Amino acid sequence: MKILVAQRIKDLMKSEKLTQMQLAHALEVGQSSISDWLNSKSEPSIENLWKLADFFDVSVDYLIGRKEI
């Protein structure tokens, strides 16, 4: 599931033309956390999945691959 979450975040960032630093600032996390998520070194916590879902206006189910938009 890591790869799907990473790919979904990458796709959403690309569509919004966001840098890792911009997303990190918006979510109040470190840029290294964003990098780790994008490189599948770690997964976002449930709290950070909620933040991502709210920020990108998608569902957590979409982020984790349970649903398509």
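Now for a look at the structure at hand. (Residues numbered from 1 in each chain as written. Predicted model: local features only at pLDDT ≥ 70, side-chain atom pairs only at ≥ 80, totals over all residues. Heavy atoms only, no water.)

1. With respect to the packing of helix α2 (residues 20-27) against helix α3 (residues 31-38)
So, point 1. Closest axis-to-axis distance for the α2/α3 pair is 8 Å, and the angle between their directions is 115°. Between α2 and α3, the interaxial angle falls into the category roughly perpendicular. Considering the relative orientation of α2 and α3, their crossing is right-handed. On α3, the residues touching Gln20, Met21, Leu23, Ala24 and Leu27 of α2 are Gln31, Ile34, Ser35, Trp37 and Leu38.
So, point 2. For the contact of α2 with α3, the residue count by class is seven nonpolar, three polar and no charged. (Axes fitted to C-alpha atoms, helices over the stretch in contact; angles between N-to-C directions. Helix = DSSP H or I, 4+ residues; strand = E, 2+ residues; numbered from the N terminus. Parallel < 35°, antiparallel > 145°, perpendicular 65-115°, else oblique. Left-handed = near helix turned anticlockwise from the far one by under 90°. Contact = heavy atoms within 4.5 Å. Nonpolar A, V, L, I, M, F, W, Y, C, P; charged D, E, K, R; others polar.)

2. Remarks on the pattern of salt bridges
So, point 1. According to the stated counting rule, one finds two salt bridges in the structure shown.
So, point 2. The salt bridge partner of Glu47 is Lys51, with a shortest N-O separation of 3.8 Å. Here the residue Glu47 and the residue Lys51 both occupy positions in helix α4 (residues 46-56), the gap between them amounting to four residues, near one helical turn.
So, point 3. Residue Glu47 is classed as partly exposed on the basis of its relative accessible area of 46%. (Salt bridge = Lys/Arg side-chain N within 4 Å of Asp/Glu carboxyl O. Buried < 20%, exposed > 50% of the residue type's maximum accessible area, 1.4 Å probe, protein only.)

3. Quick look at the packing of aromatic side chains
The description of two aromatic rings rests on the distance between their centres and on the angle between their planes.
So, point 1. Summed over all chains, the structure comprises one aromatic pair.
So, point 2. Ring geometry for Phe55 against Phe56: centres 5.0 Å apart, planes inclined by 85°, an arrangement best described as edge-to-face.
So, point 3. In this arrangement the basic side chain of Arg8 is found over the ring face of Tyr62, its NZ or CZ atom lying 4.1 Å from the centre. (Phe/Tyr/Trp six-rings, centres within 6.5 Å; stacked < 30°, edge-to-face > 60°. Lys NZ or Arg CZ within 6 Å of the ring centre and 35° of its normal.)

All we've got here are geometric facts, nothing functional implied.
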